[in-house]
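# Observations on the three-dimensional arrangement
The lines below spell out each chain.
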Amino acid sequence: MPNKTMKGLQTEVDEWVQAVGGGYWSPHANLARIAEEVGELARLINHVYGPKPKKPTEAAQALGEELADILFAVICLANSEQIDLEESFAGVLAKVWHRDRDRYRRKGPAGPQAEDA
């Protein structure tokens, strides 16, 4: 799969929703979908890293797929509200880069490291 921009992903999702998906759900329904998908991610994280083992009858899940399900639902909400996620995400990055520029100490070439508590 070629490297896609967020704008490209939004266009691809929009084309599918318009052609096959029957249009976008309401913002409330999209938010509920996002919450459901985050819940599935939380369940998987708990199975992999937490104390709750997966039932033998439960299907295997992939972390990347669960994250992508969330991204798809977020793109649907953004598209339904005519939000350019590429533009919005650039603003978030600028905010975080500025706000947190001195928050973490750098330790060598590996990048930022959290300060000791």
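Residues numbered from 1 in each chain as written. Predicted model: local features only at pLDDT ≥ 70, side-chain atom pairs only at ≥ 80, totals over all residues. Heavy atoms only, no water.

On to the packing of aromatic side chains. The full count for this structure, using the stated rule, is one aromatic pair. Measuring from ring centre to ring centre gives 6.3 Å for Trp16 and Phe72, while their planes differ by 75°; the resulting arrangement is edge-to-face. Of this pair, Trp16 sits in helix α1 (residues 6-21) while Phe72 sits in helix α3 (residues 63-80), and the two are 56 residues apart along the sequence. By relative accessible area, which is 27% here, Phe72 ends up partly exposed. (Phe/Tyr/Trp six-rings, centres within 6.5 Å; stacked < 30°, edge-to-face > 60°. Helix = DSSP H or I, 4+ residues; strand = E, 2+ residues; numbered from the N terminus. Buried < 20%, exposed > 50% of the residue type's maximum accessible area, 1.4 Å probe, protein only.)

Interhelical geometry of helix α2 (residues 27-49) versus α3 gives an angle of 170° and a closest axis separation of 9 Å. Classified by the angle their axes make, α2 and α3 are roughly antiparallel. The two elements α2 and α3 cross, and the hand of that crossing is left-handed. Counting all contacts with α2, which are made through Pro27, Asn30, Arg33, Ile34, Glu37, Val38, Glu40, Leu41, Leu44 and Ile45, the residues of α3 involved are Leu63, Glu66, Leu67, Asp69, Ile70, Phe72, Ala73, Val74, Cys76, Leu77 and Ser80. A class-by-class count of the residues in the contact of α2 with α3 yields 14 nonpolar, two polar and five charged. (Axes fitted to C-alpha atoms, helices over the stretch in contact; angles between N-to-C directions. Parallel < 35°, antiparallel > 145°, perpendicular 65-115°, else oblique. Left-handed = near helix turned anticlockwise from the far one by under 90°. Contact = heavy atoms within 4.5 Å. Nonpolar A, V, L, I, M, F, W, Y, C, P; charged D, E, K, R; others polar.)

Right, let's get into the pattern of salt bridges. Across all of its chains, the model carries four salt bridges by this definition. Across the pair Glu37 and Arg33 runs a salt bridge, and its minimum N-O distance is 3.2 Å. Of this pair, Glu37 and Arg33 both sit in helix α2, four residues apart, which is roughly one turn of the helix. (Salt bridge = Lys/Arg side-chain N within 4 Å of Asp/Glu carboxyl O.)

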